[in-house]
Amino acid sequence: MNKAIEPAVIQAASAHSQQDPWRGFRGDNWREGVAVRDFINQNYTEYRGDDSFLVGPTARTKKQLAVFDALQEKERLNGGVLSVAGDVAASITAHAPGYIDKDSELIVGLQTDAPLRRAIFPQGGLNMVAQSLEGYGFGKVDPHIEEIYKKYRKDHNNGVFDAYSPDVLAARRAGLLTGLPDAYGRGRLIGCFRRVALYGADFLIAEKKRDKGQFDNVEFTDEVIRQREELSEQIRAFEDLKTMAASYGFDISRPALNAREAIQWLYFAYLGAAKQSNGAATSVGRISTFIDVYIQRDLDEGTLTESEAQELIDHLVIKFRAIRYLRTPTFDQLFSGDPTWVTLTLAGMSTDGRSLVSKTCMRFLHTLANLGNSPEPNLTVFWSPALPKGFKDYVSRVAIDTSAIQVESDEAIRAAHGDDACISCCVSPMANGKSMQFFGARCNLLKTMLYAINGGRDEISGALVAEGIEPITGDYLEYEDVKARLENMMGYTASIYIKALNTIHYMHDKYAYEALQFALLDTDHYKTLACGIAGLSHVADSLSAIRYGKIRVIRNEAGLAVDFVNEGGEFPCYGNNDERADELAVWVTRTFMSKLRQHRAYKDAVITQSALTITSNVVYGQATGNGPDCAGPGGRRAGLPFAPGANPSNGQDKNGYVAAAFSLAKIPVDDCADGISWTFSMVPSSLGKTAGDRINNLGSFIDGFVDGGGYHLNINVMTRETLVDAMEHGAAKYPNLCIRVSGYCVLFHRLTRKQQEDVLSRTFHERA
């Protein structure tokens with residue numbers, strides 16, 4: 001790539017460097033070492049007003065947006081992928097500078113040399129690159145790339161499959177484990193991108209060199225050797241980041257001098273991480289109130305206007321919307337809609353009692369008005385009943401108008417991770433810059449139950465997946481017997497799950513290490529290994545059917561249980577605030593987590609669990625037969641989608657969304673510390689007759705949900721009729737119709753037909 005910088009740019013940078021980048025900022029601790037949270041707490045301005053200060057887009061923003069929207073339409077018409085930079089493997093410095101519309105861009109930088117052109121990541125898996133290129137009509141892998149990764153450089157995917165054991169392969173093939181990051185990037189890392197803006201790259205390099213020096217005169221164990229190599233990679237990544245920024249004409253070795261530089265420096269750090277990874281999530285963390293400190297200083301100094309401040313945020317958000325990765329068609333079946341999970345965390349409360357709401361929190365929300373509705377960035381509000389009412393009202397209004405907002409419980413997350421926490425992907429909490437997650441996709445708990453009934457044989461293929469499990473041979477299912485067998489089978493599923501994840505992350509560090517992301521974390525950081533569960537409501541309802549009904553087994557010619565009939569009375573279903581069913585969902589969550597905790601995770605990470613399915617609930621349903629829950633009215637039948645995340649089974653939450661909320665709030669956060677996702681839809685009239693009533697009622701409902709122990713809300717306010725019409729007319733009529741699915745937001749027309757039908761099959765609450 002072209003690394004030359006014009007002399008005039010160097011001179012300008014030198015002149016700027018004579019200014020004090022920290023002028024006017026309060027506090028001392030953050031000056032002596034990396035302490036971004038302390039800097040924010042010492043310097044931010046809490047905002048307790050309403051949204052009346054917000055302004056519309058500038059002419060420059062409209063110009064850039066018009067170019068970008070036209071490119072997105074070309075991308076859609078080209079089958080979802082506009083172009084691919086297929087001749088070079090992705091890295092921080094792999095591509096020349098790229099621009100959307102150079103004359104109108106205040107914040108610059110793209111993943112490749114052209115907007116929406118996707119990079120290839122053969123270090124993750126050459127086979128995935130080949131399948132992606134062929135699947136989207138871009139031919140075969142470049143011969144030079146193929147030669148490198150077949151002859152000279154092993155990739156992560158090959159490393160994983162060299163180490164996988166037969167039981168893991170069998171579980172993966174059967175769909176007991178699905179979506180494992182053994183080909184695509186693991187994601188779920190969030191570098192503290194703010195550090196580059198506050199300190200400059202050279203300060204951070206010095207910190208990492210100091211950390212490495214601590215291991216100079218100790219015994220060189222395998223752990224120490226690995227740590228030294230990783231720190232060397234991190235230092236090199238910072239140098240590459242400086243080179244990449246210099247190619248755009250910026251010197252990020254020093255701290256940012258003003259708001260525009262702070263945003264640009266922060267974005268360069270994020271962009272460098274995005275260039276180095278094809279992770280399932282490329283979240284940005286908690287940046288709004290940090291940025292607001294710089295904006296407020298510029299406003300006070302008279303060097304920035306409100307219109308210019310909003311313009312900077314609008315331009316940053318356009319860049320976030322431009323993030324793209326080259327995926328396989330199979331990946332898109334699991335995670336439909338081309339999501340990148342650029343999750344951006346807003347608001348929350350400080351531990352000193354102030355809210356962390358700033359005007360820039362409002363400015364980010366306002367981009368949905370200025371730039372049009374969009375699923376990215378994945379706007380996430382940390383909600384506390386103590387947040388200022390003006391902010392809560394604005395969030396509620398935006399959620400009602402756009403269905404593009406998710407809410408997480410600040411009360412639960414702050415207690416576990418502090419007041420500088422953020423969300424990666426959908427619901428996964430972590431302390432920004434202090435912790436990370438080894439991502440683990442999901443296991444199928446309903447299939448686990450069916451294996452317990454069928455002696456480890458798959459109910460679809462008949463293949464023996466889990467050996468040593470005795471089948472149930474009686475005609476009727478007995479509650480205590482099934483529960484004991486299920487618990488035993490959960491132990492088996494947990495064991496192969498951790499075996500697979502440990503293999504994946506060992507190989508990922510070895511062959512596809514995200515050096516810049518780790519460089520932007522504390523060297524000694526907290527690690528979790530995230531295990532997701534799918535089918536929670538179906539297992540709970542199945543146990544309820546067995547306990548409170550009378551379930552007769554129907555077997556096929558091979559003796560496999562393939563259907564179930566209820567010869568008893570009706571049974572309660574999870575999601576109606578009925579303790580009989582809800583306690584079973586709690587038991588399932590706690591029991592599986594107890595099985596996971598019996599194992600040791602890679603790098604001694606703390607094992608966590610989430611109830612989250614993304615859109616893979618459709619694929620899980622296709623791969624899973626009838627469970628005992630099918631024996632009730634409206635129960636799920638074989639092949640139909642699972643309920644998403646921790647949702648009640650589709651159509652079984654019949655007592656309104658307040659009752660469903662009470663059920664969800666019972667799921668123990670301690671045993672589901674990686675997040676509990678609830679995606680729900682309500683018709684506008686369920687919130688009240690007037691716009692004001694709807695805003696007040698939605699805010700009050702969220703207050704109550706969080707107060708009652710609820711964790712997460714994907715909020716959809718729309719009618720089923722709107723979605724039916726959108727299925728008929730697609731992007732032509734509804735180009736920006738967003739809908740929250742299990743943990744993220746997507747343009748409705750980008751979902752597959754089956755996923756659209758799944759959304760329509762969910763409960764649309766008409767009353768509280």
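Owing to the predicted nature of the structure, the values given are computational and were not obtained by experimental measurement. (Residues numbered from 1 in each chain as written. Predicted model: local features only at pLDDT ≥ 70, side-chain atom pairs only at ≥ 80, totals over all residues. Heavy atoms only, no water.)

Regarding the packing of aromatic side chains
So the rule is basically this: Only the six-membered ring of Trp is used, alongside the rings of Phe and Tyr, when aromatic pairs are assigned; centres must lie within 6.5 Å, and planes under 30 degrees apart are stacked while those over 60 apart are edge-to-face, with the rest tilted. Runs of H or I in DSSP of at least four residues are treated as helices and runs of E of at least two as strands, each being numbered from the N terminus. Only protein chains enter the area calculation, which uses a 1.4 Å probe; residues under 20% of their type maximum are buried, those over 50% are exposed, and those in between are partly exposed.
Tallying each qualifying case throughout the model produces 37 aromatic pairs. Taking 5.5 Å as the distance between ring centres and 75° as the angle between the ring planes, the aromatic pair formed by tyrosine 99 and tyrosine 248 counts as edge-to-face. You can see tyrosine 99 sitting in the loop between strand S1 (83-89) and strand S2 (117-120) and its partner tyrosine 248 sitting in the loop between helix H11 (222-247) and helix H12 (259-275), a full 149 residues away along the chain. Assessed through its relative accessible area of 9%, tyrosine 248 is described here as buried. Taking the centre distance of 4.7 Å and the plane angle of 15° together, the rings of tyrosine 199 and phenylalanine 203 count as stacked. For tyrosine 199, a relative accessible area of 2% corresponds to the buried category. Given the relative accessible area of 23%, phenylalanine 203 is considered partly exposed.

A short note on helix H19 (residues 445-454)
Going by this rule: N or O atoms closer than or at 3.5 Å make up a polar contact, with two conditions inside protein: a donor-capable atom paired with an acceptor-capable one, and, for residues adjacent in sequence, both atoms drawn from side chains.
Counting buried residues along H19, 10 of its 10 residues qualify, which places the element largely inside the surrounding structure. Buried within H19 are the following residues: Leu445, Leu446, Lys447, Thr448, Met449, Leu450, Tyr451, Ala452, Ile453 and Asn454. Of the residues flanking the start of H19, the one acting as N-cap is asparagine 444, its side-chain oxygen 3.2 Å from the backbone nitrogen of leucine 446. Trailing H19 by a residue or two, glycine 455 shows a phi angle of about 70°, which is positive.

Quick word on the pairing of strand S8 (residues 428-431)
Where we set the bar: DSSP bridges decide pairing: two strands pair if at least two such bridges lie between them.
The alternating pattern of S8 places Ser428 and Met430 on one face and Pro429 and Ala431 on the opposite face, and all of these are buried. Where strand S7 (residues 421-424) and S8 come together, 4 bridges link them in antiparallel fashion. Across the sheet, residue alanine 421 finds its bridge partner in S8, namely alanine 431. In this structure, the hairpin formed by S7 and S8 is closed by a connection of 3 residues, where cysteine 425 is found at a positive phi of approximately 65°.

Quick look at the nonpolar core
What counts, and what does not: What we call a nonpolar core is a set of buried Ala, Val, Leu, Ile, Met, Phe, Trp, Tyr and Cys residues that are connected through their side-chain atoms within 4.5 Å. Working rule for contacts: check all heavy atoms of both residues, and any pair within 4.5 Å makes them a contact.
If you look at the biggest cluster of nonpolar residues, it comprises 241 residues, and the most contacted ones within it are Phe290, Ile291, Phe391, Ile405, Leu543, Phe564 and Trp678. No other element matches helix H20 (residues 479-511), which puts 15 residues into this core. Contact partners of phenylalanine 564, with chain neighbours within four places excluded, come to Leu450, Ile453, Leu477, Ile551, Arg552, Val553, Asn626, Gly627, Pro628, Cys630 and Ala631. Core analysis: the next-biggest nonpolar cluster, separate from the first, contains 12 residues, Ala89, Val129, Ala130 and Val141 among them.

Section: the packing of helix H16 (residues 359-370) against helix H17 (residues 389-402)
Put simply, the rule is: Axes here refer to lines fitted to C-alpha atoms; in helices the fit is confined to the stretch in contact. Angles between the N-to-C directions go from 0 to 180 degrees. Comment on the angle field: the value is read as roughly parallel under 35 degrees, roughly antiparallel over 145, roughly perpendicular from 65 to 115, and oblique elsewhere. Crossing handedness is defined as follows: a turn of the near helix away from the far one that is anticlockwise and smaller than a right angle gives a left-handed crossing, while the clockwise case is right-handed. Amino acid classes used here: Ala, Val, Leu, Ile, Met, Phe, Trp, Tyr, Cys and Pro are nonpolar; Asp, Glu, Lys and Arg are charged; the rest, including Gly, are polar.
Running from N to C, H16 and H17 point in directions that differ by 15°, and their axes come no closer than 11 Å. Comparing the axis directions of H16 and H17 gives the class roughly parallel. Between H16 and H17 lies a crossing whose hand is left-handed. Residues Cys361, Met362, Leu365, His366 and Leu368 of H16 lie in contact with H17, whose contacting residues are Gly390, Phe391, Tyr394, Val395, Val398 and Thr402. Class assignment for the residues of the contact of H16 with H17 results in 8 nonpolar, 3 polar and no charged.

Observations regarding a nonpolar patch on the surface
This is how it is decided: Like-charged residues within 9 Å of one another, or nonpolar side chains (Val, Leu, Ile, Met, Phe, Trp, Tyr) within 5 Å, are grouped into patches, provided each residue has over 30% relative accessible area and no salt bridge. Only the protein chains shown count as cover for residues, and all accessible areas are computed by the Shrake-Rupley method using a 1.4 Å probe. Salt bridge, as used here, is a side-chain nitrogen of Lys or Arg placed within 4 Å of a carboxyl oxygen of Asp or Glu.
Taken together, the side chains of Val218, Phe220 and Ile225 present a nonpolar region at the surface, about 260 Å² in accessible area. On the secondary structure map, phenylalanine 220 appears in the loop between helix H10 (201-213) and H11.

Just distances and angles here, no functional claims.
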